[in-house]
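# Structural overview
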Amino acid sequence: MQTIRNIVILTGAGVSAESGIDTFRSAGGLWEQHRVEDVATPEGFARDPNLVLRFYDMRREAIQTKQPNPAHEALGRLEREWPKKVPGGSVTLVTQNVDDLHERGGSLGVIHMHGEHLTVWCTACDTRHRWTGALIDRPPCPACSAPFLRPDVVWFGEVPYRMDEIFAALSEADLFVSIGTSGAVYPAAGFVRTAREIGAATLELNLERSQGSQWFDETRLGPASEVVPAWVE
Ligand SMILES: CC(C)NC(=O)[C@H](Cc1c[nH]c2ccccc12)NC(=O)[C@H](CCCC/N=C(/NCCC(=O)O)S[C@H]1O[C@H](COP(=O)(O)OP(=O)(O)OC[C@H]2O[C@@H](n3cnc4c(N)ncnc43)[C@H](O)[C@@H]2O)[C@@H](O)[C@H]1O)NC(=O)OCc1ccccc1
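Predicted model only: the values in this text are computed from it and were never measured.

### A look at the sheet that holds strand S9 (residues 218-221)
If you walk across this open sheet you meet the six strands as S3-S2-S1-S7-S8-S9, and the pairing is parallel. Of all the strands in the sheet, the pair left with one neighbour each is strand S3 (111-112) and S9. By the bridge criterion, five bridges tie strand S7 (residues 175-179) to strand S8 (residues 201-206) in an arrangement that is parallel. Following the sheet pairing, Ile179 is matched in S8 by Leu205.

In structure tokens, the structure reads:
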């Protein structure tokens, strides 16, 4: 039995579903209400910036009324307890989510590979800042005062954030765990195969089988608020 020291965890929208945040591909999900190419691509933003800014202002407002659930809290606990239990051991939490529920659930150093809704990006002076107000009102950039702030999220066709850190953690992983993701979006959906290639054990915790289930040693089905605390305990 391989000793587990370094754990890499990837989460998706499913970990926040029970906090009342829409997932993307489920019935009535975000991608049913909005065309991806209109609201989550640089081309869509160029075509109709107001539509995109309203879409992210709406999501940001909704997310701020939500609370972390037992899945977020259990992952926060794991991150704190694991190094005590396994000296030198590590937990790296990578999320595709732009919400801050992992942080409010007690996780530190979360890698938001697709960005965060609480930061904004000035496309005039290429600086990032804490979100201050609805972007539809074109608030001035705190650094250059230009009115060109956009959501600090990774749109389709854009390069995800902190990929080198993610691949460095994957290359050291003994265990890769995927939670609440459909495995539909790359490069995140490819991490399980990278983990397998370097010999890590792979575990999927999800409500239903995903597009990547065949790549996992084990899949445990159920709501994240139940299967994640059960796995952490
Ligand atoms: C659609 C797909 C085919 N297209 C892509 O993957 C594209 C193109 C592409 C690249 N490589 C490829 C290879 C093959 C094919 C296509 C590609 N990828 C890109 O463009 C990426 C950028 C993609 C990022 C796009 N931005 C998002 N989000 C931010 C904005 C925003 O949030 O608005 S993606 C967005 O959608 C994805 C949604 O997926 P999930 O989170 O999984 O959510 P979903 O609703 O689909 O599923 C929910 C799951 O939870 C489960 N669930 C539900 N409730 C619960 C519950 N209660 N408990 C447990 N589980 C639950 C469900 O069963 C389900 O399985 C997330 O990634 C999310 O961040 N960029 C890139 O590749 O750049 C180059 C590159 C690559 C590598 C290195 C350098 C350069």
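### Regarding the UniProt feature "active site" (unreviewed entry) in the protein
Cross-referencing UniProt, the feature "active site" (unreviewed entry) maps to His114 in the present numbering. Tracing the sequence through the fold places His114 in the loop between S3 and strand S4 (115-122). With residues near it in sequence (within four places) discarded, His114 still touches Thr95, Gln96, Val98, Asp152, Val153, Val154, Pro160 and Val185.

### Looking at the site of the ligand
Taken together, 33 residues sit near the ligand, with Arg59, Val154, Thr181, Ser182 and Glu208 positioned nearest. The backbone of Ala13 places a nitrogen or oxygen atom 2.8 Å from an oxygen atom of the ligand. Isolated, the ligand exposes 1500 Å² of accessible area, and the fraction of that covered by the protein chains is 76%. Of the residues assigned to the shell around the ligand, the class counts are 17 nonpolar, 11 polar and five charged. Formed jointly, the shell around the ligand draws a minimum of three residues from each of two domains, domain 1 (6-21 + 68-114 + 160-232) and domain 2 (23-65 + 117-153).

### Quick look at the side chain of Ser19
Within the secondary structure, Ser19 sits in the loop between strand S1 (6-11) and helix H1 (30-33). By relative accessible area, which is 11% here, Ser19 ends up buried. In this structure the side chain of Ser19 is engaged in a polar contact, spanning 3.0 Å, whose partner is the side chain of Asn69.

### Looking at empty space enclosed by the protein
Over the atoms a probe the size of a water molecule is rolled, and this reveals where empty space is left. Scanning all chains against the criterion turns up one cavity of 30 Å³ or more. In this structure, the largest cavity spans a volume of roughly 100 Å³. Along its surface, the largest cavity is lined by 15 residues, and Ser178, Thr181, Gly183, Ala189 and Phe216 are the ones closest to its centre. Of all elements in the fold, only S7 and helix H8 (191-197) reach the threshold of two or more residues within the lining of the largest cavity. Class assignment of the residues belonging to the lining of the largest cavity gives a composition of eight nonpolar, six polar and one charged.

### What about the sheet that holds strand S5 (residues 127-130)?
Across the sheet, which stays open at both edges, the three strands sit in the order S5-S4-S6 with antiparallel pairing between neighbours. If you trace the sheet from one side to the other, it starts and ends with S5 and strand S6 (149-153), each paired once. For this sheet, the mean inter-axis angle between neighbouring strands, taken without regard to orientation, is 45°. Bridging between S4 and S5 involves four bridges; their strand directions are antiparallel. Note that in S5 the partner of Cys122 across the bridge is Thr127.

### Comments concerning the pattern of salt bridges
Under the defined criterion, the tally for this structure stands at 12 salt bridges. With a closest N to O distance of 3.2 Å, Arg35 and Glu37 form a salt bridge. Asp38 is the partner of Arg35 in a salt bridge, and the nearest nitrogen-oxygen pair spans 2.8 Å. For Asp38, a relative accessible area of 18% gives the class buried. Through salt bridges with shared partners, a single network forms among Arg35, Glu37, Asp38 and Arg47.

Calculation criteria
- Residues numbered from 1 in each chain as written.
- Predicted model: local features only at pLDDT ≥ 70, side-chain atom pairs only at ≥ 80, totals over all residues.
- Heavy atoms only, no water.
- Pairing = 2+ DSSP bridges.
- Helix = DSSP H or I, 4+ residues; strand = E, 2+ residues; numbered from the N terminus.
- UniProt positions renumbered as here; feature names shortened; annotations may be inferred.
- Contact = heavy atoms within 4.5 Å.
- Near = heavy atom within 4 Å.
- Polar contact = N/O pair within 3.5 Å; in protein donor to acceptor, adjacent residues only side chain to side chain.
- Areas by Shrake-Rupley, 256 points an atom, 1.4 Å probe, with all protein chains shown as cover.
- Nonpolar A, V, L, I, M, F, W, Y, C, P; charged D, E, K, R; others polar.
- Domains from an automatic or database assignment.
- Buried < 20%, exposed > 50% of the residue type's maximum accessible area, 1.4 Å probe, protein only.
- 1 Å grid on protein atoms, 1.4 Å probe; cavity = no way out; pocket = protein on both sides within 12 Å on 5 of 7 lines; lining within 4 Å.
- Points joined across faces, edges and corners; volume = space filled by probe spheres on them.
- Axes fitted to C-alpha atoms, helices over the stretch in contact; angles between N-to-C directions.
- Salt bridge = Lys/Arg side-chain N within 4 Å of Asp/Glu carboxyl O.

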